[in-house]
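One-letter residues, chain by chain:
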Amino acid sequence: MTRIDRRVALFGMSAGLLSACSDLDLAEGKPEPKGGLGGTGIVGTLTDFGSLLVNGLRVETASALSVSSALGALAVEALAIGHQLTIEAATEDGRLVAKRVHLAHPVIGQVAEMASDGRTGSIAGIRVTLDPDAIGSLALGAWVAVSGTWQGDQVRASRIDPAPEGAEAIAGEVRVQDDGRLTIGDVTLLLGDAEPPQVGGYVTVIGRASEAGFIVDGLEEGRFTGAAGPLATLSIEGYLEPTPQAPFYAISGLGHSFDREAALASIQQERAVFSGAYIGSFKVETALVLPEEFAKRREVLRDALAVPGSVPLISTR
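Here is a short report on the structure shown in this document. (Residues numbered from 1 in each chain as written. Predicted model: local features only at pLDDT ≥ 70, side-chain atom pairs only at ≥ 80, totals over all residues. Heavy atoms only, no water.)

1. Considering the layout of surface pockets
1) Next: Reported here for the second largest pocket is a volume of approximately 250 Å³.
2) Next: Taken together, 14 residues make up the lining of the second largest pocket; nearest its centre are Asn55, Gly56, Leu288, Ala304 and Leu313.
3) Next: When contributions to the lining of the second largest pocket are tallied by element, the ones reaching two or more residues are strand 21 (271-278) and strand 22 (282-290).
4) Next: Sorting elements by how many residues they give to the lining of the second largest pocket places strand 22 first, with three residues.
5) Next: The residue inventory of the lining of the second largest pocket, partitioned by class, reads eight nonpolar, six polar and no charged. (1 Å grid on protein atoms, 1.4 Å probe; cavity = no way out; pocket = protein on both sides within 12 Å on 5 of 7 lines; lining within 4 Å. Points joined across faces, edges and corners; volume = space filled by probe spheres on them. Helix = DSSP H or I, 4+ residues; strand = E, 2+ residues; numbered from the N terminus. Nonpolar A, V, L, I, M, F, W, Y, C, P; charged D, E, K, R; others polar.)

2. Section: the side chain of Thr47
1) Next: Tracing the backbone shows Thr47 in strand 1 (residues 39-49).
2) Next: Residue classification places Thr47 among the buried positions, given a relative accessible area of 4%. (Buried < 20%, exposed > 50% of the residue type's maximum accessible area, 1.4 Å probe, protein only.)

3. Here's the deal with the environment of Leu219
1) Next: With respect to the helices and strands, Leu219 occurs in strand 17 (residues 213-221).
2) Next: We classify Leu219 as buried; its relative accessible area is 1%.

4. A closer look at empty space enclosed by the protein
1) Next: Applying the stated criterion across every chain yields a total of six cavities of 30 Å³ or more.
2) Next: Taken as a whole, the largest cavity holds about 100 Å³ of empty space.
3) Next: If you list the elements that add at least two residues to the lining of the largest cavity, you get strand 11 (143-151) and strand 18 (231-242).
4) Next: The greatest single-element share of the lining of the largest cavity, amounting to three residues, is contributed by strand 11.
5) Next: Each residue belonging to the lining of the largest cavity can be placed in one class, and the counts come to six nonpolar, six polar and two charged.

5. Re helix 2 (residues 294-306)
1) Next: Over its 13 residues, helix 2 runs 18 Å from end to end, which matches the ideal 18 Å to within 8%, given 1.5 Å per residue.
2) Next: Every buried residue of helix 2 is listed here: Phe294, Arg297, Arg298, Val300 and Leu301. One side of helix 2 holds all its buried residues, which, seen down the axis, span an arc of 165°. (Expected span 1.5 Å × (residues − 1). Arc of directions from axis to C-beta.)

Distances and angles like these do not, on their own, reveal function.
Here you go:
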């Protein structure tokens, strides 16, 4: 369901760029696609070029493919190392070919607070910590677009880019608190007359930060749009966070639900790329543990692509 007002339209988000998830949403209560052959959904950091290299996968792109983002559409050539991408790809003659690429920013806004070390700041109420070797920097008062990965209630940033003054957005998993508040991270969503989004789902929210929370001017639900058809496999970079139901872990900030048989306790503190089938839930089969340092992550993923089997995978079955 699309809910866009004039402020959002001026900000550059549209139903065509960030449409609600029609073919895949891993939150409870959403329709589930049929099994069998299908596309590949990828959420991860752009680590190299030669096509797009994400999560140790090579994804080819057509020159005419437009990349969507909350800041508007851009050409594939405008993507940069460290950007956080959502890709829907189809397999063609043994190659992964992108049918949709979305540049996902977990937070866009003005740096309101800074730690003395220069590596941690607050943007739209979200704590942002730069990865070791992250590209770009934080400066008090600067307007920035953050590329990175949720870890609990904070974002671990791989890249910081300038953003237009006045542009503010947050994107992540919607949670409900004991007092009924809906939050992303630990920031309260002030919905006004907007229809509440699905709890446990992934939402991109445009609005304005305030002392009371994030004032919602418009929002879009869902991460994948069905551009490559119903997805059959997933490759997701992230951190785990505890949940009360089996298998007792989910991917932080994304709302991705694992099947009940997944064995994840041994990597509960690690950043990893989780890979497996989508069968109505994420039947994760392997995890590739990644270093915290961005430069070292790039090396590990280059090795995984160049020499299959050279980087050890952890079985999650």
